[in-house]
Amino acid sequence: MATLIRNGRIVTAVDDYLADILVDGGRVRAIGVDLAIGGDAEIHDATGLLVLPGGVDVHTHLDMATPTASTIDTFGSGTKAAAFGGTTALVDFCTPVAGESPLKGLEDWHRRRESACVDVGAHMILLDAHPGTLEDMKTLVRREGVSSFKLFMAYPGSLMVDDGALFKAMRVAGANGAMTCVHAENGPVIQALVDEAVAQGLKAPKYHAVTRPAILEGEAVHRAICLAELAETPLYIVHLSAAQSLAAVTEARDRGIAVHAETCPHYLFLNAEEYERPGFEAAKYVMTPPLRELSHQAHLWRGLKSDDLQVVSTDHCPFCFNEQPHGLRYSKQQGVDSFSRIPNGAPGVETRLPLIFDGAVVKHGLSLNRFVEITATAPAKLFGLFPKKGTIAVGTDADLVLFDPVERWTIRAADHHSQVDYSLFEGREVTGRVKKVFVRGQCIVDGTRWLGREGMGQYLRRSESGRP
Ligand SMILES: [Zn+2]
C-alpha cells in the first residue's frame, strides 16, 4: 500500500517548502501540492511538522567486543534507539580481530547486524597495513561496499598503528575511492601521562581527561592531515573535540585539502566540569577524547556554522554505569579502582537530532537547512550513501522523520530504548521532538509506539567515499 504524508514542511539541506509526499515501494514516488491518490493509501497528517530526511549517524559501535569489554547495545536495540531519535541509517565500525583478515571481521559483523531495525553500513577498522590487509582494502571497497577505513593514532599496544602504516593505508584508500578516518590523539605520549598518573596513585575518573590533553589531539590531527596531503587521500577526523584540532582542519581546508571532520553532541553541550562529580559518577563521562574545557565549545559551533566542521555524529559506544543486570564486562565499574580500566565510550544515538536541533537552530542561529546538512546530507555524501539517503527527492529511499519544532521535553534515560542505564544529558530540556519515523516508507515510530521489527534493516553497500 502507498503512503501519503500530507501538509508537511519539507526541509532538506537546500529546500524548505510545504507539500505532500507520496511513497510507494519504499521510495518517494511524488512530491506536490494537494497530491491526488488513486486507490488505498495510508495517510499521515504532518500539519505543523517538519518533514526531514532520516538522520544519518556515521559513528556507532554496536555489539562491539574488545578483549576486556563489550558495548551493551545489540544492533536490534541500538538501531531501535536510533529510530526513536530520528536516525534511519548508520555506518557502524567493524573491528576485526588482530592478525585476522578484515574480510573475516566483516563476515562476523554481518552476523551481528542481522537484527538491525534501520539500514546499516560498515566502516572497517584497520589494525595494521600488511600487504594482505592492503589487498583486502580493495576487495572491501569494490566487492563489499565498505568504502571507508579507520585507523587509530591512539591506544598503543592494542589499536594504534604507527605513522608508516597509517600512510600506507591512506595511499591505498585514496587510490581506490575510499575515505580514511582517523582517531587522532598522540597515543604514546598519552600512555606516558597515564602511566605517570597511575604510579602517583591518581586513579579517579577525572584523570582520564587530565592525561589526554587537547594539545595531543591537535598535534595528531595536524600530523594526520600532513600524511593525508602527502598520500593524496580524503581524510575524515572522527570525534573532533578541541579548538587546536579545528584550527588544523580549517587551515588545511582553506588550502583546498580534502579534510573533513565530525564532532559529537557531548563536545557541543558538555564540558570537563562533569569530571568533578562526586564518587565514581564521573565515569559516565569517560569517553575518548574526553570532554574539554568550556572554551572549546564556541569554536566547535563556529566550525559547524562555517562548514569547517561538516558532520555531527554520536560515537554511540554504550557501557552501563552499573554492573547489574548485565555484568562487569558491559560496565564502567571495571574501572572503579583506576580510571585506566574504565571502558571508554558513552551512549547518544537516540538524542542526536533533538539536541542538535535545539542547540543549532534554536540557540545558535544555524538554519534548518544547515541542521539537516550536518545530521543527514553531509554524512550521506561523504560516505557514499547519497542520494539514496540524506535527502528527500523523487526516487530516494523514503526515510522520513516528522519532527515537531516547538515541543519542549526532557531527556531521561528511563524513556530511552537503548539498553544502557544512563544518559549524558539526563534532565536536559530541549525544544524539538521526533514524532514519526519512516524507513523505506514503513512507519516504524509513531510517538511512543514502536512499529518496527528486528531484522528489517538492510545492509548499506556504499559507493565511493570522500567525494563531497
Ligand atoms: Zn568511536
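Refer to the structure presented above.
The notes below deal with the structure included here. (Residues numbered from 1 in each chain as written. Predicted model: local features only at pLDDT ≥ 70, side-chain atom pairs only at ≥ 80, totals over all residues. Heavy atoms only, no water.)

1. With respect to the sheet that holds strand β11 (residues 235-237)
Across the sheet, eight strands lie side by side as β6-β7-β8-β9-β10-β11-β12-β13; this open sheet has parallel pairing. The outermost strands of the open sheet, each flanked by one partner alone, are β6 (55-60) and β13 (311-312). As paired elements, β6 and strand β7 (residues 87-94) share four bridges and run parallel to each other. Note that in β7 the partner of valine 56 across the bridge is alanine 89. Lying on the sheet, helix α7 (residues 214-231) is in contact with β10 (179-183), β11 and β12 (259-263); it crosses β11 at an angle near 170°. (Pairing = 2+ DSSP bridges. Helix = DSSP H or I, 4+ residues; strand = E, 2+ residues; numbered from the N terminus. Contact = heavy atoms within 4.5 Å. Axes fitted to C-alpha atoms, helices over the stretch in contact; angles between N-to-C directions.)

2. With respect to the pattern of salt bridges
Summed over all chains, the structure comprises 31 salt bridges. In this structure, arginine 292 and glutamate 217 form a salt bridge, with 2.9 Å as the shortest nitrogen-oxygen distance. With arginine 292 in the loop between α9 (265-269) and α10 (295-306) and glutamate 217 in helix α7, this residue pair connects regions lying 75 residues apart in the sequence. According to the relative accessible area criterion, arginine 292 is buried, its value standing at 7%. By relative accessible area, glutamate 217 is classed as buried at 2%. In this structure, glutamate 407 engages lysine 435 in a salt bridge whose closest nitrogen and oxygen atoms are separated by 2.8 Å. Taken together, the residues span a long stretch of sequence, with glutamate 407 in strand β14 (residues 400-410) and lysine 435 in strand β15 (residues 429-439) at a distance of 28 residues. Exposure remark for glutamate 407: the relative accessible area of 21% places this residue in the partly exposed category. (Salt bridge = Lys/Arg side-chain N within 4 Å of Asp/Glu carboxyl O. Buried < 20%, exposed > 50% of the residue type's maximum accessible area, 1.4 Å probe, protein only.)

3. Some thoughts on the pairing of strand β5 (residues 50-53)
Of the two faces of β5, both are covered, the one formed by Leu50 and Leu52 as well as the one formed by Val51 and Pro53. When strand β1 (residues 2-11) meets β5, the two strands line up parallel, connected through two bridges. Note on β5: the bridge partner recorded for isoleucine 10 is valine 51. The sheet contact formed by β5 and β14 spans four bridges and is antiparallel. Paired with proline 53 across the bridge in β14 is leucine 400.

4. Details of the side chain of threonine 351
Secondary-structure assignment places threonine 351 in the loop between β13 and α11 (352-363). With residues near it in sequence (within four places) discarded, threonine 351 still touches Ile411, His416 and Phe425.

5. As for the side chain of histidine 123
Tracing the sequence through the fold places histidine 123 in strand β8 (residues 119-125). Judged by relative accessible area, histidine 123 falls into the buried class, the value being 0%. Of the polar contacts made by the side chain of histidine 123, one reaches the side chain of serine 148; its length is 2.7 Å. Once you skip the residues sitting within four places of it in the chain, histidine 123 turns out to touch Val58, Val91, Asp92, Phe93, Cys94, Val146, Ser148, Cys181, Phe383 and Arg462. (Polar contact = N/O pair within 3.5 Å; in protein donor to acceptor, adjacent residues only side chain to side chain.)

6. A few points about α11
Between its terminal C-alpha atoms α11 stretches 15 Å, which fits the 16 Å expected from twelve residues at 1.5 Å a residue. Here α11 lies mainly inside the structure; ten of its twelve residues are buried. Taken as a whole, α11 has its buried residues at Arg352, Leu353, Pro354, Leu355, Ile356, Phe357, Asp358, Gly359, Ala360 and Val361. One or two residues past the end of α11 sits glycine 365, with phi positive at roughly 70°. (Expected span 1.5 Å × (residues − 1).)

7. Let's talk about the packing of aromatic side chains
Per the counting criterion, the structure on display carries eleven aromatic pairs. Geometrically, the ring pair formed by phenylalanine 357 and phenylalanine 371 is edge-to-face, given 5.4 Å between the ring centres and 75° between the ring planes. Here phenylalanine 357 is found in helix α11, whereas its partner phenylalanine 371 is found in helix α12 (residues 368-382), with 14 residues between them in sequence. For phenylalanine 357, a relative accessible area of 3% corresponds to the buried category. Clustering of aromatic rings is evident, with ring pairs tying together Phe75, Trp109 and Tyr459. If you follow lysine 284 out to its NZ or CZ, it ends over the ring of phenylalanine 321, 5.0 Å from the centre. Over the ring of phenylalanine 386 we find lysine 381; its NZ or CZ atom is 4.8 Å from the centre of that ring. (Phe/Tyr/Trp six-rings, centres within 6.5 Å; stacked < 30°, edge-to-face > 60°. Lys NZ or Arg CZ within 6 Å of the ring centre and 35° of its normal.)

8. Side note on the coordination of the zinc ion
Tetrahedral coordination by four donors puts the ideal angle at the metal at 109.5 degrees, and octahedral coordination by six puts it at 90 or 180 degrees. Bound to the zinc ion are the protein donor atoms His59 (NE2), His61 (NE2) and Asp315 (OD), situated 2.0 to 2.2 Å from the metal. Taken in sequence order, the residues that donate to the zinc ion follow the motif H-x1-H-x253-D. Taken as a pair, histidine 59 in strand β6 and aspartate 315 in the loop between β13 and α11 lie far apart in primary sequence, 256 residues in all. Both residues of the pair, histidine 59 and aspartate 315, belong to the buried class. (Donors = N, O, S within 2.8 Å, 3.2 Å for Na, K, Ca; no water.)

9. Some words on α12
With 15 residues, α12 extends 20 Å between its outermost C-alpha atoms, agreeing within 8% with the 21 Å of an ideal straight helix rising 1.5 Å per residue. The largest bend in α12 comes to about 50°, at isoleucine 374. A large share of α12 lies buried, amounting to twelve of its 15 residues. Downstream of α12 by one or two residues, glycine 384 has phi in the positive range, about 70°. (Bend = angle between axes of the 7 residues up to and from the residue.)

10. Observations regarding the packing of helix α4 (residues 163-175) against α7
The N-to-C vectors of α4 and α7 enclose an angle of 45°; their axes lie 9 Å apart at closest approach. Taken together, the axis directions place α4 and α7 in an arrangement best described as oblique. Crossing handedness for the pair α4 and α7: right-handed. Counted together, Asp163, Leu166, Phe167, Met170 and Arg171 of α4 and Arg223, Ala224, Leu227, Ala228, Leu230 and Ala231 of α7 form the full contact between these two elements. (Parallel < 35°, antiparallel > 145°, perpendicular 65-115°, else oblique. Left-handed = near helix turned anticlockwise from the far one by under 90°.)

11. As for the pairing of β6
In summary, the side chains of a regular strand alternate between the two faces of the sheet. Of all six residues making up β6, six are buried, and the element is well covered by its neighbours. Traced from β6 through helix α1 (residues 75-84) to β7, the parallel crossover comes out right-handed. (Right-handed = clockwise from strand over helix to strand, strands pointing away.)

12. Structural notes on unusual backbone geometry
The omega torsion of the bond from threonine 288 to proline 289 falls at -10°, within 30 degrees of zero and hence cis. Omega for the peptide link from glutamine 324 to proline 325 comes to 5°, which places this bond in the cis form. Look at aspartate 34: it is not a glycine, yet its phi comes out positive at around 50°. Along the chain, the position of aspartate 34 falls in the loop between β3 (27-32) and β4 (41-45). The phi angle at histidine 239 is positive, at roughly 30°, despite the residue not being glycine. Overall, histidine 239 belongs to the buried group, its relative accessible area being 3%.

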